[in-house]
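Summary of the model geometry
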Amino acid sequence: GKGGYDHYMLKEIHEQPRALRQAISGRVDELATSVDLDIDLPEEYLQSVEEIQIIACGTSYHAGLYAAELLEAHAEVRTSVHVASEYEFNGGRDPWRTLVIAITQSGETADTLSALRTATRAGARTLALTNTLGSTVTREADDTVFIRAGPEIGVAATKTFVSQVATATLFSVYLAQVRNGISTKTATRLLESVRDLPGAVQQILDQEDIIKETAREYADSDAFFYIGRAVGYPVALESALKLKEISYDHAEGFPAGELKHGPLALVTSETPVIALLTDETRPKKTLNNVKEVKSRGAPVIGIASDPETTGHVDTTFDIPDCGAMEPVVGNVALQLFAYYVADEKGRPIDKPRNLAKSVTVE
Ligand code: F6R
């Protein structure tokens, strides 16, 4: 059942500290220096990989964009991310040296499975990142890493997104170490941040009332813009997707710097802007974009961990200091925001119109 919550989505939002602990459990050593994900792909193969291609849809695609930033920065391997329905394999002369990673919560998404088959036929090796034991993707990919989030009933993906990002971060550190692309210091910084994530997420859940109040205040707006840089950009996309799915309001995510190249024309006092300003998202640069939208009268919600940014925004969701994973914690705050906007509007949150939990048609 819903465990006393009004919706599965809210229950699943609250399950995130536990889901994250499960994702991490037994995979990071005590000193936060190494990762064990039980990967079967041979190390020599992983060392020889020249390119990674990630295929996924929807929320899983956003997790893929997040993962790509980490893989490029730490494992030093060129990584591209593809909406699965648009994927065409191009692995150059040696497809073997391209690793294709399919990210899919259900393991049954037709577009993702079809892209995976394209990659397999072309001769690439494949790895699945999924939540679902025994799913089709686990049978078809060469290797599987489970995100261990537990069953998700609400159509809107929440705990599976944060678990995907946490697990992908562990994989990035693992791959970086196999390829000698990372110092122990950086690995430890990332792994400690992943380990701190469940506690940090709990701290955000403890601020639920403030987020709820803000959501009620903004609920009559019809359009919302989310902006972020670096890993703040996939979080902006994901947070906007969540709001549009369950509230039916228009919501878009943009790279913060792109606003002035077009979307700024839409910004008025009627369009709240939500800005990712945590660590790892180049907050100082994004503050310039916050000033641009404020001067057009837009109300701004800042997702921030540094009190210095507070003066520049109308409302702040305070993210506890937890280093590299702060943007993920920001996403949790924005899941709650989306939930309470939709709740205020009386939407059928667990079963939004036109959507299904698992999309098994192309
Ligand atoms: C969004 C959502 C969808 C799924 C997408 C992929 O809340 O749930 O966008 O993320 O259909 O599903 P999986 O991850 O099962 O392949």
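Coordinates for the structure precede this section.
Residues numbered from 1 in each chain as written. Predicted model: local features only at pLDDT ≥ 70, side-chain atom pairs only at ≥ 80, totals over all residues. Heavy atoms only, no water.

So, on to the sheet that holds strand 9 (residues 300-304). Strand-to-strand pairing in sheets goes through backbone hydrogen bonds, with the strands running parallel or antiparallel. The five strands lie next to each other as 7-6-8-9-10, forming an open sheet whose pairing is parallel. A single partner strand is all that each edge strand has here, and the edge strands are strand 7 (250-255) and strand 10 (315-318). The average angle at which neighbouring strand axes cross in this sheet is 20°, direction not considered. Alignment of strand 8 (residues 273-277) against strand 9, held across five bridges, turns out to be parallel. Paired with Val273 across the two strands is Val300, which belongs to strand 9. Against the sheet, helix 9 (residues 208-218) touches strand 6 (223-228), strand 9 and strand 10, its axis set at about 150° to strand 10. (Pairing = 2+ DSSP bridges. Helix = DSSP H or I, 4+ residues; strand = E, 2+ residues; numbered from the N terminus. Axes fitted to C-alpha atoms, helices over the stretch in contact; angles between N-to-C directions. Contact = heavy atoms within 4.5 Å.)

Strands sit in the order 2-1-3-4-5 across an open sheet of five strands; the sheet is parallel. Of all the strands in the sheet, just strand 2 (78-83) and strand 5 (143-146) have a single pairing partner and so form its edges. Across the sheet, the mean angle from the axis of one strand to that of its neighbour is 20°, orientation sign disregarded. Summarising the sheet, strand 1 (residues 51-56) and strand 2 pair through six bridges and their orientation is parallel. Looking across to strand 2, one finds that Glu51 is bridged to Arg78. Running at roughly 165° to strand 3 (residues 98-104), helix 5 (residues 110-122) makes contact with strand 1, strand 3 and strand 4 (125-130) of the sheet.

Before going further, it helps to examine the packing of helix 7 (residues 159-178) against helix 12 (residues 326-344). Following both chains from N to C, one finds helix 7 and helix 12 inclined at 175°, their axes separated by 10 Å at the closest point. In terms of orientation, helix 7 and helix 12 fall into the roughly antiparallel class. Taken together, the residues of helix 12 that come into contact with helix 7 (itself represented by Phe161, Val162 and Val165) are Val328, Asn331, Val332 and Gln335. (Parallel < 35°, antiparallel > 145°, perpendicular 65-115°, else oblique.)

By size, the foremost hydrophobic cluster in this structure holds 95 residues, and its most contacted members are Leu46, Ile52, Leu99, Phe171, Tyr226 and Phe337. With 17 residues, the next largest nonpolar core counts Ile227, Val293, Ala298 and Val313 among its residues. (Core = buried A, V, L, I, M, F, W, Y, C linked by side-chain atoms within 4.5 Å. Buried < 20%, exposed > 50% of the residue type's maximum accessible area, 1.4 Å probe, protein only.)

Looking at the element boundaries, Thr112 is found in helix 5. Here Thr112 is in contact with Ile55, Ala56, Cys57, Ala84, Ala102, Ile103 and Thr104, once residues within four sequence places are set aside.

The environment of the ligand is formed by 14 residues, the closest being Ser60, Thr104, Gln105, Ser106 and Thr109. Here an oxygen atom of the ligand sits 3.0 Å away from a polar atom, N or O, in the main chain of Ala157. Within the complex, 90% of the 410 Å² of free accessible area of the ligand lies under protein. Broken down by secondary-structure element, the contributors of at least two residues to the shell around the ligand are helix 4 (58-75) and helix 10 (232-247). Looking at the shell around the ligand residue by residue, the classes come out as five nonpolar, seven polar and two charged. (Near = heavy atom within 4 Å. Polar contact = N/O pair within 3.5 Å; in protein donor to acceptor, adjacent residues only side chain to side chain. Areas by Shrake-Rupley, 256 points an atom, 1.4 Å probe, with all protein chains shown as cover. Nonpolar A, V, L, I, M, F, W, Y, C, P; charged D, E, K, R; others polar.)

Next up on the list: the pairing of strand 6. Burial analysis of strand 6 places six of its six residues in the buried class, which makes it a mostly covered element. What you see with strand 6 is no split at all: Ala223, Phe225 and Ile227 on one side and Phe224, Tyr226 and Gly228 on the other are buried throughout. Across six bridges, the pairing between strand 6 and strand 7 is parallel. Directly across from Phe224, in strand 7, lies its bridge partner Ala251. What joins strand 6 to strand 7 is helix 10, and the crossover it makes is right-handed. Pairing geometry for strand 6 and strand 8, over three bridges, is parallel. By the bridge assignment, Phe225 is partnered in strand 8 with Val273. (Right-handed = clockwise from strand over helix to strand, strands pointing away.)

Below, the discussion takes up the side chain of Gln105. Mapped onto the elements, Gln105 comes out in the loop between strand 3 and helix 5. In this structure Gln105 comes out as buried when scored by relative accessible area, which is 13%. When near neighbours in sequence (up to four residues on either side) are disregarded, Gln105 contacts Ser60, Thr130, Asn131, Thr132, Glu152, Thr160, Gln164 and Lys357.

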